[in-house]
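# Descriptive structure summary
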Amino acid sequence: MNHDSDPRVLPDRVRQLVIGAGFGGLGMAIKLDEDGERDFLVIEKGGDVGGTWRDNTYPGAACDVPSQLYSYSFAPNPSWSKSFSPQPEIQAYLQGVAREAGVLDRFAFDTAVEEAAWDEAGQVWQVEVSRAGERHTITTDVLISAAGALCEPRLPDIDGIDTFQGEVFHSARWDHDTDLTGKRVAVIGTGASSIQIVPEIQKVVGHLDVYQRTAPWVIPRHDRAYTGVEKALFKRVPAIQKLYRTAIYWGREAYVPAFTRRPELALPARLLGLSNIRRGIADPELRARVTPDYAIGCKRILISNTYYPALASDNVSLVTDGIAKITGDAIVTADGVERPIDVLVVATGFHVTDPPIAERIRGRDGRKLADVWSENGQGAYKGCTVHGFPNLFQIVGPNTGLGHSSMVFMIESQLAYIRDALGTMQTDGLATVEPRAEVQQAWNDDLQRRMEPSVWSSGGCASWYLDEHGRNTTLWPRATFTFRRLLSRFDKTAYTVAPARTREDAFA
Ligand code: N01
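How each quantity is defined
- Residues numbered from 1 in each chain as written.
- Predicted model: local features only at pLDDT ≥ 70, side-chain atom pairs only at ≥ 80, totals over all residues.
- Heavy atoms only, no water.
- Helix = DSSP H or I, 4+ residues; strand = E, 2+ residues; numbered from the N terminus.
- Rg over C-alpha atoms; globule rule 2.2 N^0.38 Å.
- Buried < 20%, exposed > 50% of the residue type's maximum accessible area, 1.4 Å probe, protein only.
- Phe/Tyr/Trp six-rings, centres within 6.5 Å; stacked < 30°, edge-to-face > 60°.
- Pairing = 2+ DSSP bridges.
- Axes fitted to C-alpha atoms, helices over the stretch in contact; angles between N-to-C directions.
- Contact = heavy atoms within 4.5 Å.
- Domains from an automatic or database assignment.
- Buried area = accessible area lost by both parts, 1.4 Å probe.
- Salt bridge = Lys/Arg side-chain N within 4 Å of Asp/Glu carboxyl O.
- Polar contact = N/O pair within 3.5 Å; in protein donor to acceptor, adjacent residues only side chain to side chain.
- Nonpolar A, V, L, I, M, F, W, Y, C, P; charged D, E, K, R; others polar.
- Near = heavy atom within 4 Å.
- Areas by Shrake-Rupley, 256 points an atom, 1.4 Å probe, with all protein chains shown as cover.
- pLDDT = per-residue confidence, 0-100.
- Parallel < 35°, antiparallel > 145°, perpendicular 65-115°, else oblique.

In terms of regular secondary structure, the protein is built from 15 helices and 20 strands. Since a compact globule built from 508 residues should have a radius of gyration of about 23 Å, the 23 Å found for the protein is in line with a globular shape. A principal-axis box enclosing the C-alpha atoms of the protein has dimensions of 75 × 50 × 45 Å. Burial status across the protein gives 55% buried among its 508 residues.

Spelled out as structure tokens, the structure:
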């Protein structure tokens, strides 16, 4: 089926249905199109492409991976204004890539997946979607979830937060109608989002309280604008831009052993973090309160030159006492101190180890993916496929996250794997592929074994990398080039496959 005619009409059947239009879903659409697949549909609950880069519009939002690397290898952008791109540039980049690829006619925006259920008899997925209050069922041979790991805000469960009378919003749902000028504002959380927000809003608020539960490690941000000469060279001599990208890739990859096997190798980073504190803060007492008491790298390492100076400003208070409750107009800490505020910003992260999309996917025996994962934590084969869920592929699935390099590299590795899987299904006349249980188990056992010496396990911190069982089900514990190699070919022998009833029935 071709949707060129009217993308607003949802089809009844497509060969591949992709969930999400962020880096993963958009990349998949472009590659499917390149492979000659025309009969696919991307379902996106938001109104545009971009995923996390569409949603996170808070002041100061920017990437902490250089954009030469944090961009598709097949769509270099010679016009990045600086080494670490601000959010609006990344969002504009994704919009431009989507437009130029000519795939947007197969995107259904403002459309949410309600439930996707595997139909064993028909060997297809039945996907119920909703748009503007209307429900529609789409049948698809292959379901590709690119719903994203950092998409569903995690709101803090603090006594009384619902009774707060002022403005309250999550960092990923920034309320641009709220003018912070001269207001008393509180930010809860000191993660990657918060440390970008705090220096920006400090400039305009009347007073800012920053609630820190755990001090993050923050090292300097080596950011700079690209010169006109550089940009012109990137445009005229693409090989030079590729060289930049390659150099950044290998520079980042050199950090891997310090995270995975030899945390002591991170000493230079620790020293950088400590000197960043000294440079940004003069007060010894404040310095002590922002100094982390766990190994660097255990939580995501943050980069900023402006966070510590902002904390040291006259109109900012760092609050390290635990939050006891929130009243109609104030935050009360465990020591009984009440700090009145007008606006509350919660920068408390996302549902990563319990992705909400898993609540909406039902496998072969009718069980929800979330229920299967609730037993031992989320797990997949190659971060991509799951036993009991035939013809389901995930992009940025379990244990594919990174603390040191670009997720786009991981996404492109998964795109290659999925494309090869689809190609194999076509050439071998297969209706279904499903990873064998023992193969998936062995994959995850190996991952968990590799986690043991890592700083994420031994670094002495709690982090969103770990699930409720204390297992790291989010990060990839090896070199990223190893991930790419392992996913370079679809390994049919790891799968239970079912032939199509007729050649025409084959996924083709
Ligand atoms: O979220 P986080 P984030 N009471 O989970 C605190 C990516 N990202 O949105 O450390 C009080 O890191 C929590 O405290 P603690 C990046 O991968 C990338 O900042 O758990 N505090 C922590 O300080 C990043 O890692 C960019 O003790 C509470 C904070 O809230 C990921 O997104 C930019 C609390 C949450 O930090 C998430 O970052 C931004 C409570 N009840 C984000 N609950 C780039 O530049 C939580 N906290 C690419």
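With that settled, consider the packing of aromatic side chains. Each aromatic ring pair is specified by the distance between its two centres and by the angle formed by the two planes. Scanning all chains against the criterion turns up 25 aromatic pairs. Relative to Phe 481, the ring of Trp 250 has its centre 5.5 Å away and its plane inclined at 40 degrees; by these criteria the two rings are tilted. Taken as a pair, Trp 250 in helix 6 (residues 238-253) and Phe 481 in helix 15 (residues 480-486) lie far apart in primary sequence, 231 residues in all. Since its relative accessible area comes to 47%, Trp 250 is described here as partly exposed. Residues Tyr 381 and Tyr 495 carry aromatic rings whose centres are separated by 5.9 Å and whose planes lie at 70 degrees to one another, so their mutual orientation is edge-to-face. Placement of the pair is Tyr 381 in the loop between helix 11 (369-376) and strand 18 (392-394) and Tyr 495 in strand 20 (residues 495-499), with a sequence separation of 114 residues. Judged by relative accessible area, which is 6%, Tyr 381 ranks as buried. Grouped by ring-pair contacts, the aromatic residues Phe 23, Trp 53, Tyr 70, Tyr 72, Phe 74, Trp 80 and Tyr 93 constitute a single cluster.

Take the sheet that holds strand 9 (residues 207-211) next. The strand order across the open sheet built from five strands is 7-16-8-9-12, with neighbouring strands paired in parallel fashion. The open sheet has two edge strands, strand 7 (167-170) and strand 12 (316-319), and neither has a second partner. Strand after strand, the sheet turns through a mean of 15 degrees between neighbouring axes, direction not considered. Pairing geometry for strand 9 and strand 12, over four bridges, is parallel. Along strand 12, the bridge assignment pairs Leu 208 with Val 316. Helix 4 (residues 192-202) rests against strand 8 (184-188), strand 9 and strand 12 of the sheet, and its axis sits at about 165 degrees to strand 9.

In this section: the domain arrangement of the protein. Split by domain assignment, the protein resolves into domain 1 (13-152 + 351-499) and domain 2 (161-216 + 255-346). Of note, the centres of domain 1 and domain 2, computed from C-alpha atoms alone, are 31 Å apart. Each side of the interface is counted separately: domain 1 has 30 residues, and domain 2 has 26 residues. Buried area between domain 1 and domain 2, summed over both chains or domains, comes out near 2300 Å², and the portion from carbon and sulfur atoms is 57%. At the boundary of domain 1 with domain 2, the tally comes to two salt bridges. One salt bridge connects Asp 55 with Arg 173, and the closest N-O pair in it is separated by 3.7 Å. At the junction of domain 1 and domain 2, the tally comes to eleven residue pairs in polar contact (both at pLDDT 80 or more). The element contributing the most residues to the side of domain 1 that touches domain 2 is helix 14 (residues 455-458), with three residues. When the residues that make up the side of domain 1 that touches domain 2 are grouped by side-chain class, the tally is 16 nonpolar, ten polar and four charged.

Bringing the environment of Gly 336 into the picture now. Along the chain, the position of Gly 336 falls in the loop between strand 14 (330-333) and strand 15 (338-340). The exposure class of Gly 336 is exposed, given its relative accessible area of 53%. C-alpha separation for the pair Gly 336 and Lys 325, spaced eleven residues apart in sequence, amounts to 9.7 Å.

Here the structure, examined in full by the defined rule, presents 33 salt bridges. Across the salt bridge formed by Lys 82 and Asp 223, the nearest N and O atoms sit 3.5 Å from each other. Remark: Asp 223 occurs in the loop between strand 10 (218-219) and helix 5 (228-236) and Lys 82 occurs in the loop between helix 2 (52-55) and helix 3 (87-101); sequence separation between them is 141 residues. Note on Asp 223: relative accessible area 26%, which makes it partly exposed.

Okay, the site of the ligand next. The full set close to the ligand counts 22 residues, and Ala 62, Thr 190, Ser 193, Thr 214 and Lys 299 are the nearest of them. Taking Ala 62, its main chain carries an N or O atom lying 2.8 Å from an oxygen atom of the ligand. A distance of 2.5 Å separates an oxygen atom of the ligand from a polar side-chain atom of Thr 214. Taking 910 Å² as the accessible area of the ligand by itself, protein coverage stands at 84%. In terms of residue count, the dominant contributor to the shell around the ligand is helix 4 (three residues). No fewer than three residues from each of domain 1 (13-152 + 351-499) and domain 2 (161-216 + 255-346) sit in the shell around the ligand.

Burial along strand 2 (residues 40-43) is two-sided: the face carrying Phe 40 and Val 42 and the face carrying Leu 41 and Ile 43 are both buried. Bridge analysis of strand 2 against strand 3 (residues 107-108) gives two bridges, and the strand direction is parallel. Within the sheet, the bridge partner assigned to Val 42 lies in strand 3 and is Phe 107.

This part is about the confidence of the model for the protein. Low pLDDT means the predicted atomic positions in that stretch should not be read closely. With 97% of its residues at a pLDDT of 70 or more, the protein has an overall mean of 95. The model gives residues 1-6 a pLDDT under 50, and that stretch makes twelve contacts with residues more than four places away or in other chains.

What follows deals with the side chain of Thr 260. As for its placement among the helices and strands, Thr 260 is situated in helix 7 (residues 256-260). Here Thr 260 falls in the buried class, since its relative accessible area comes to 4%. Those residues in contact with Thr 260 that sit more than four places away from it in its chain are Arg 450, Pro 453, Ser 454, Trp 456, Pro 477 and Arg 478.

Once that is clear, we can look at the packing of helix 5 against helix 6. For the pair helix 5 and helix 6, the least separation of the axes is 5 Å and the interaxial angle reads 110 degrees. When the axes of helix 5 and helix 6 are compared, the pair comes out roughly perpendicular. Judged by residue contacts, Glu 230, Leu 233, Phe 234, Lys 235 and Arg 236 of helix 5 engage Pro 238, Ile 240, Gln 241 and Tyr 244 from helix 6. Taken together, the residues of the contact of helix 5 with helix 6 sort by class into five nonpolar, one polar and three charged.

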